[in-house]
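Fold and geometry: a report
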Amino acid sequence: MSVLKGFKQKEQRYIINTYNRNPEKTLLLVEGEGAVVRDEEGREYLDFLGGLAVTALGHCHPRVTAAIREQAGKLVHTSNLYYTLPQTELAELLVENSCGDKVFFANSGAEVNEAAIKLARKYAQTVLGEKRYEIITAYRSFHGRTLATLTATGQEKFRRGFDPLPEGFVYATFNDLDSFAAAVTEKTCAIMVEVVQAEGGVYVAEQEFLRGLRRLCDEQGLLLIFDEVQCGMGRTGRLWAYEHYGVEPDIFTVAKALANGLPIGAMVAKNKAAEGFGPGDHASTFGGNPVASAAAVATLQTIFEDNLLAHVQERGQQILQGYERLRQSFPGLIKEYRGRGLIIGLEFTKEIAPQVQQGLVEEGFLVN
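These figures come from a predicted structure and were not determined experimentally.

What counts, and at which threshold
- Residues numbered from 1 in each chain as written.
- Predicted model: local features only at pLDDT ≥ 70, side-chain atom pairs only at ≥ 80, totals over all residues.
- Heavy atoms only, no water.
- Helix = DSSP H or I, 4+ residues; strand = E, 2+ residues; numbered from the N terminus.
- Rg over C-alpha atoms; globule rule 2.2 N^0.38 Å.
- Contact = heavy atoms within 4.5 Å.
- Lys, Arg positive; Asp, Glu negative; His and termini not counted.
- Charge placed at Lys NZ, Arg CZ, Asp CG, Glu CD.
- 1 Å grid on protein atoms, 1.4 Å probe; cavity = no way out; pocket = protein on both sides within 12 Å on 5 of 7 lines; lining within 4 Å.
- Points joined across faces, edges and corners; volume = space filled by probe spheres on them.
- Nonpolar A, V, L, I, M, F, W, Y, C, P; charged D, E, K, R; others polar.
- Core = buried A, V, L, I, M, F, W, Y, C linked by side-chain atoms within 4.5 Å.
- Buried < 20%, exposed > 50% of the residue type's maximum accessible area, 1.4 Å probe, protein only.
- Pairing = 2+ DSSP bridges.
- Salt bridge = Lys/Arg side-chain N within 4 Å of Asp/Glu carboxyl O.

Considerations on the overall build of the protein
When helices and strands are tallied, the protein shows 13 helices and 15 strands. Radius of gyration (C-alpha) of the protein: 21 Å, near the 21 Å computed for a compact globule of 368 residues. Referenced to the eigenvectors of the C-alpha coordinate spread, the extents of the protein come out at roughly 65 × 55 × 45 Å. Residue pairs in contact within the protein that sit at least 24 positions apart in sequence constitute 67% of those at least 6 positions apart. Placing the 38 positive and 46 negative side-chain charges of the protein at their respective mean positions leaves the two points 3 Å apart.

Examining empty space enclosed by the protein
Enumeration over the complete set of coordinates arrives at one cavity of 30 Å³ or more. Taken as a whole, the largest cavity encloses approximately 40 Å³ of empty space. Contributing to the lining of the largest cavity are His77, Thr78, Asn80, Thr84, Gln87, Thr285, Phe286, Gly287, Gly288, Asn289 and Pro290. For the lining of the largest cavity, the residue count by class is two nonpolar, nine polar and no charged.

Details of the nonpolar core
If you look at the biggest cluster of nonpolar residues, it comprises 54 residues, and the most contacted ones within it are Leu90, Phe180, Ile191, Leu210, Phe226 and Leu258. With seven residues, helix H11 (residues 290-305) is the single largest residue contributor to this core. Not counting residues up to four positions away in its chain, the partners in contact with Leu258 are Leu90, Leu94, Met233, Ile264, Gly265, Ala266, Ala296, Thr299 and Leu300. Core analysis: the next-biggest nonpolar cluster, separate from the first, contains 24 residues, Ala120, Ala148, Phe169 and Ala269 among them.

Things to note about the sheet that holds strand S3 (residues 44-47)
Taking strand neighbours across the sheet as the criterion, the four strands line up as S1-S2-S3-S15 in an open arrangement whose pairing is mixed. If you trace the sheet from one side to the other, it starts and ends with strand S1 (29-33) and strand S15 (365-366), each paired once. Relative to S15, S3 is paired through two bridges, and the arrangement is parallel. In the sheet register, Leu46 faces S15, and the bridge partner there is Phe365.

Observations concerning the pattern of salt bridges
Two side chains bearing opposite charge may form a pair once their charged atoms approach each other closely. In total, this model carries 14 salt bridges according to the counting rule given. Ionic pairing is found between Glu305 and Arg63, a salt bridge with its closest N-O pair at 2.8 Å. Residue Glu305 is located in helix H11, and its partner Arg63 is located in helix H3 (residues 62-72); the two are separated by 242 residues in the primary sequence. Assessed through its relative accessible area of 55%, Glu305 is described here as exposed. Two residues, Glu324 and Arg327, come together in a salt bridge whose shortest N-O distance is 2.6 Å. In this pair, Glu324 and Arg327 both sit in helix H12 (residues 308-329), three residues apart, roughly one turn of the helix. Judged by its relative accessible area of 36%, Arg327 falls in the partly exposed class. What emerges from the salt-bridge pattern is a single network uniting Arg214, Asp218, Asp250 and Lys272.

Considerations on the layout of surface pockets
The calculated volume of the second largest pocket comes to roughly 760 Å³. Along the walls of the second largest pocket sit 25 residues, with Gln87, Val103, Phe104, Phe105 and His282 positioned nearest its centre. Only helix H4 (85-96), strand S4 (102-106) and strand S12 (265-269) provide two or more residues apiece to the lining of the second largest pocket. Class assignment of the residues belonging to the lining of the second largest pocket gives a composition of 14 nonpolar, nine polar and two charged.

Okay, here's the thing in structure tokens:
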């Protein structure tokens, strides 16, 4: 029996079946360094997946690893009733390098999106009235797997089977300002969009769309929320994807790559919105954990000091040029390639993506 088949048997025995793992195709990864990971047999793979947009600096980055080890030797956890140095330092880095004024920490993208939903409702019902609770999101969007963020997600396939879902979400068409304007009612409190729709197929927001959303929110007294869980932390070539547009949100969320592999998320808000929360309105036991915060501080410092944002732009252009060569070499096969920086999607004219993915694995490349 192979090692992988043994793992498959243990998975069937002990783990709830929520991931489509195949013992003949799924890898058992045991170590990684930089952009390379290795399986149990020592075979190396170039990792373009990065743990689903998480290991932005690569695997086991020495600076991040050192920060984790040092902090783990001092203080692993304490209640958020007390201050910790790493959390405060991280909050300062996030605020001083964004349009935000205040930060709330949690453990994942879904959790900080949930926090943004709660904050928008609390702010609106305090400032605008109790009937303001609806949030407009986009079709094709993805905001998380909790019941609220699942309902905010504009894709039926993710919501199927979980009724009754929470009320308070309506959907409009991404990059269609008129569609969003038409969705505003006397119940609307906020608009929430991804700057780049990732799970929806790597669709990049258009300049006038985001600028129009900002105008619409200002005119109607609504909060504008940007979900940067997938496209933030430098993935587009700017630290935050909204920086490409000259548009500032009232709230934005970040997670995934924030600590280069440890679980942490942050909701960053301008003072106007942040004042919607008071003591006891929201909390997270592990949010801003000292070890995860120390890793996030090291991650951000490395991005700044190693000039990685320019590197993202350069490598992104290199990949797009390669896709253009592929499109010309295989006419009629590639429908479109789209993205920004290093969040890039390649769409085929035929349903062959799974075969392409597996073929690349066999050649030593991990993609999604």
